[in-house]
Amino acid sequence: MNEYDPDTIEKKWQDKWEDLKMHHAKVDEDKDPFYIIFAYPGISGYLHLGHMRCYTYTDFIARYKKMRGYSVLFPAGAHPTGNQVISFAKRVAEKDPVIMDYLRSNGASEKDIGKLSVPEGVIEFFKETYIKEWKNFGLHIDFSHFTDTSREDYSSFIRWQFKKLKDKGLLTQKPYYAPVCVSCGPVAVDPSETDLSQGGNAEVQEFTLLKFRFGERYITAATLRPETVYGQTNLWVDPDEDYVIVKVQGEEWIMSSPAMDKLSYQTEEIKMVGRISGRDMIGKNATAPVIHRDIPILPAKFTDPNIGSGIVTSVPSDAPYDWIALEDLKKNHEMLSRYDLQDIVERVNPIPIIESKEWGTNPAERIILEMGINSQAETDKLEDATQRIYKAGFHSGTMLESCGDYAGMAVQEAKENIRNDMLASREAIIFRDLSEEVICRCGEEVIMGKIPDQWFIRYSDEKLTEECKEHVKDMSIRPDSYANTIPETLEWFQDRSCARMGNWIGTKFPFDDKWIVEAISDSTLYPAHYVVAKHYNRGSFQAKQMTEDFFDFVFLNEGSVEDVSDSTGIPEDTLLEVRRDFLYWYPLDINLGGKEHMTVHFPVFLMNHVAILDRSHWPRGIMVNWYLTMTGGKISKSKGGADPIPDVADRFGIDTLRLYYAHSASPFVDKEWDEKEVFNYRKRLGHLWRMVHRIKEMNGSPGPVDGYLRSRFNRHLARAMDFMDSYSIRKSANVIFYDIAAEFEWYFKRGGENGELMDELGEKWVNLMSPFVPHMADELGSLWGIEYVNSSLLPNVEEEAISDNIERQETYLKGVMEDIRNILDIAKVAGNCIHIYVTPEWKVKVIEKVLSEPERGMGLMSGLVGELKAPPKELSKFLRRTLDEHRANQETLKNSVAIKELDILEKNIDFLEKEFDTSVKVYLASDEVYDPDNRKDKAIPGKPAIYIQ
RNA sequence: GCGAGGGUAGCCAAGCAUGGCCAAAGGCGCAGGACUUAAGAUCCUGUCCCAUAGGGGUCCGAGGGUUCAAAUCCCUUCCCUCGCACCA
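Each value, and the rule that gives it
- Residues numbered from 1 in each chain as written.
- Chains lettered and ligands numbered in written order.
- Predicted model: local features only at pLDDT ≥ 70, side-chain atom pairs only at ≥ 80, totals over all residues.
- Heavy atoms only, no water.
- Helix = DSSP H or I, 4+ residues; strand = E, 2+ residues; numbered from the N terminus.
- Rg over C-alpha atoms; globule rule 2.2 N^0.38 Å.
- Buried < 20%, exposed > 50% of the residue type's maximum accessible area, 1.4 Å probe, protein only.
- Areas by Shrake-Rupley, 256 points an atom, 1.4 Å probe, with all protein chains shown as cover.
- Lys, Arg positive; Asp, Glu negative; His and termini not counted.
- Charge placed at Lys NZ, Arg CZ, Asp CG, Glu CD.
- Pairing = 2+ DSSP bridges.
- Axes fitted to C-alpha atoms, helices over the stretch in contact; angles between N-to-C directions.
- Contact = heavy atoms within 4.5 Å.
- Phe/Tyr/Trp six-rings, centres within 6.5 Å; stacked < 30°, edge-to-face > 60°.
- Patch = residues over 30% accessible without salt bridge, like charges linked within 9 Å, V, L, I, M, F, W, Y side chains within 5 Å.
- Salt bridge = Lys/Arg side-chain N within 4 Å of Asp/Glu carboxyl O.
- Arc of directions from axis to C-beta.

Some thoughts on the overall build of chain A
When its secondary structure is counted, chain A shows 36 helices and 33 strands. In summary, chain A has a C-alpha radius of gyration of 38 Å against a globular reference of 30 Å for 949 residues, an excess of more than 25%. With the C-alpha coordinates of chain A rotated into their principal frame, the extents come out at 120 × 80 × 50 Å. Taken across its 949 residues, chain A has 56% of its residues classed as buried. Surface accessibility of chain A: about 40,500 Å² in total, with carbon and sulfur atoms responsible for 47%. Each charge class in chain A was averaged separately, 116 positive and 155 negative side chains, and the resulting centres sit 3 Å apart.

As structure tokens, then:
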């Protein structure tokens, strides 16, 4: 036997599979189809081990289904839609050292890198790289179906899809506010920072921009808490800051210069008409909105021109910043006299407006005293205080008498109402901003912009939502937690912008060329396109022939084949073949993807299928996998942090990684990557490798434990397949790679050596391993002369071989051995003879009697006394005990009398003697036998008495 | 805040739906031994506490409850993770 050596066998088998086109899906009407995909990757860099976790799960299922007799389609593609490819190419063109290092450390050659300065080169390179890595992982993908979203055939498909959405009234246009890079157009602001170089954690904040009449003009102040307008006492302005006067909506507004820039992206006409310094406003009054009181304008340094309008309305009752600024000012005599504010400031005092359980009616003052905040400079503490007050007020607060019509209202409710009322009375507008500075990949600033005519897919459509919610009940969705939440997710899912302008790779929007379909929206129905892509890849037709008629015919069965053939120029039999393929493969059985898809991709995947295709083609299943993590964080393609896959694969072998994925954790938890753990799986495979060889070399004759092994093996076989049928991958792997192995080990220990049985079960076992570790399984399969294990079928379960009774006997023997070990342990004696006393027959009879007539309870006693030759006292005691036991656990009781104990022990004296390295004697307790320690009376059914000498 | 998921021995991780063969699978780690003298090897055995005879005690985040019986069911509570949107 040679040692397990993945390096040589893995490459060898991958080449053979390739030669034989083992992965090619065939339309075979004699077989049921099984169609599975993983969510294809966006192109933004090398794949990492987290991706491979998802792809490998997909492969387990694909290979398993194939070995269960299905014809399996497992295609793959790539998703370059977006601007990531563009910015990647740009960074390469600029020779950005980070990206160059990233490429080189992943093994890109200088020649490769040379091609990567244009987007097309990036797409080509990574497509090839992904395919190489998938092949290297032994994935059962049929690449003849490959497509990517930048191809022409794909664009034809997407244009068709959007026409269908429009026909169904599911497209609409309306204004939309989104993060926009001033040069690239819309970008996504999220912590993974795919589009960004800074500010991924920024949140969109919706300010209410309040207008304060100031002579002929208005001073603007932005607030996140419109409900506090009743507590306004003054405005804060930075005396050293220059503000701008802008013409908006026919009025002149005062704000900071950055505020004007931001606002210019959100309102139509806005023009700067002058400047005014902060100093010039101080000491004057402005009329506050809603309360229509004149409030003074006071100096402060904490205002920031980059936040809101750069001017702050002061609510010292509820805003810790305002409260302490006011206190500071009151003490600052130099400042007061400089602007002659002494008298004014005297009159400025907090006005209670909100009462909360936690903080009472003057929360700002109270929290500042409690937290011991001494000055405006303690911004961390002030931030915290603000948050705490806001939380308490928002959730449990009510508006006080001072709040006019809103008095008595819950804060939550008042907030909405006051804001809406101010908007209606034109005393305020909405102003959106990001909570921190966000910088695009291109280096430009990202701001909130208004897009007046944004296209949306109307996912809010009630009928569509209802249909989807209804349909998910019939789907197989794993894990269960996701199945439970997806109806709510569908409900919550609102209209989604589906096109964008600017620097973007994708399909031109069919109704308006200035738009390009965005990345989520062009990846919803694509499993249908995989079927078509195969024919396109073969050259059966050109992209321009893939017209609306063509897709209508293939996916919707509309139009006659003659007409469609006429209008497209595609031969009739080709059209019929594509249609047939679609009918054969669809619906999709499983879409497998990472958990980030739960609230984004999976809902739109479902909704587009339901909206466009016939009910019979709606998807059947979704499976979600969690992440592979490294030192706490998600492994990220764009940020690196993961070892190149080829390095890891070389070190451990593919099958090791595959078993690691399958077994080290359930798919539904985040898993921390740990090389030491991976290495243990490598050792495990080595162990199994040797074991299978040992099995194959076994050539003895039948023995007493054969039945047991056969029974256990078939039981495990059934379990392993049941688990796979419900996609419980880890559990199935546990049975195959651990439970079954343990049975073989026990069999050997018991002296089993039946060559024929080993030959049969060994082969079946290798078959079972194949979906998980296909390379090793094929190599081991050759011991049996199997050419390709993965193309054979999994064995049937021999129901008749599964025997509770046979298994009970072994369980009994194991139990006796455990008892002996226990005693040896405790007694710390090295016994030289073990005496075992099997229960007297009358105890068996008692149990049988109780089992047959349990309801008679102690009433059984009278009958038993006459029937059994047993000491009445003991009999009564044992009956009572048996009745107790019966109530607690009938199974144990049944098992204890279902076996011939004496027989089992006598047959296995040799084995026991060998195991314990002593002599073993077995007796029937009712006989007059050697019993120096008076133990034999302790014997009961299922648990013999033991005496160790 | 809203929604979802989770807290099991040194660690990872099953079990919980259908309460009782649960001191609680399996793996890792650790300890002892075998083997060999080299490897991150392999094979046994052990691994909550007490106990020189198979027993007893405590235990599944915490606290109550239901039950003859609770890791499993119910209630309360604490803690953790994730999603809350234009990122496949």
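Looking at the pairing of strand β5 (residues 171–181)
Sheet analysis places β5 next to strand β21 (residues 446–457), joined by ten bridges and oriented antiparallel. Across the sheet, the residue bridging to P179 is M448, located in β21. Here β5 folds back onto strand β6 (residues 185–186), and the loop between the two strands holds three residues.

So, the sheet that holds strand β22 (residues 476–478)
The strand order β2-β1-β26-β27-β22 describes an open sheet built from five strands, whose pairing is parallel. Looking along the sheet, the strands with just one partner apiece sit at the ends: β2 (71–73) and β22. Along the sheet, successive strands turn relative to each other by an average axial angle of 15°, direction set aside. Sheet topology note: the strand β26 (residues 590–594)/strand β27 (residues 621–625) ladder contains four bridges and is parallel. Each bridged residue has a counterpart across the sheet, and for L592 the counterpart in β27 is M623. Across the face of the sheet, helix α22 (residues 601–612) comes into contact with β26 and β27 while running at roughly 155° to β26.

Structural notes on the packing of aromatic side chains
The tally for this structure, following the rule as stated, stands at 56 aromatic pairs. An angle of 35° between the planes, with centres 5.6 Å apart, marks the rings of W160 and F551 as tilted. On the criterion of sequence distance, the pair formed by W160 in helix α7 (residues 152–167) and F551 in helix α19 (residues 548–556) is long-range, its members being 391 residues apart. Grouping residues by exposure puts W160 and F551 together as buried.

Looking at a negative patch on the surface
Residues D549, E562, D563, D566, E572 and D573 make up a contiguous surface patch of negative charge. Secondary structure elements with two or more residues in the negative patch: α20 (561–568) and α21 (572–585). With three residues, α20 is the largest single contributor of residues to the negative patch. Position of E562 among the secondary structure elements: in helix α20.

What about the sheet that holds strand β31 (residues 833–838)?
Read from one edge to the other, the open sheet built from three strands follows the order β32-β31-β33, with strand pairing classed as mixed. Where the open sheet ends on each side, the last strands, each with one partner, are β32 (919–924) and β33 (945–948). Averaged over all pairs of adjacent strands, the angle between their axes in this sheet comes to 20°, without regard to strand direction. In terms of strand pairing, β31 meets β32 through six bridges, oriented parallel. Across the sheet, I836 pairs through a bridge with V922, a residue of β32. Strands in contact with helix α30 (residues 804–827) are β31 and β33; relative to β33, the strand with the most contacts, it is inclined by about 40°.

Considerations on helix α8 (residues 257–264)
Every buried residue of α8 is accounted for by A259, M260, K262 and L263. Mapping the buried residues of α8 onto a view down its axis gives an arc of 165°, with all of them on the same face. Check the buried side of α8 and you find it contacts β8 (204–214), β11 (242–248), β12 (251–255), β13 (270–277), β19 (428–434) and β21.

Details of unusual backbone geometry
The phi angle of most residues is negative, glycine excepted, and most peptide bonds adopt the trans form. A cis geometry characterises the amide bond from R478 onward to P479, with omega recorded as -5°. Relative to the helices and strands, P479 resides in the loop between β22 and α17 (480–492). Along the chain, Y586 connects to P587 via a cis peptide bond; the corresponding omega equals 5°. Take P587: it is sitting in the loop between α21 and β26.

Let's talk about the pattern of salt bridges
Going through the model one piece at a time under the given rule, you end up with 56 salt bridges. A salt bridge links R91 to D96, with the nearest nitrogen and oxygen atoms 3.0 Å apart. A residue is classified by how much of its surface remains accessible, and D96, at 18% relative accessible area, is buried. Here R715 and E807 are joined by a salt bridge, their closest N and O atoms 2.9 Å apart.

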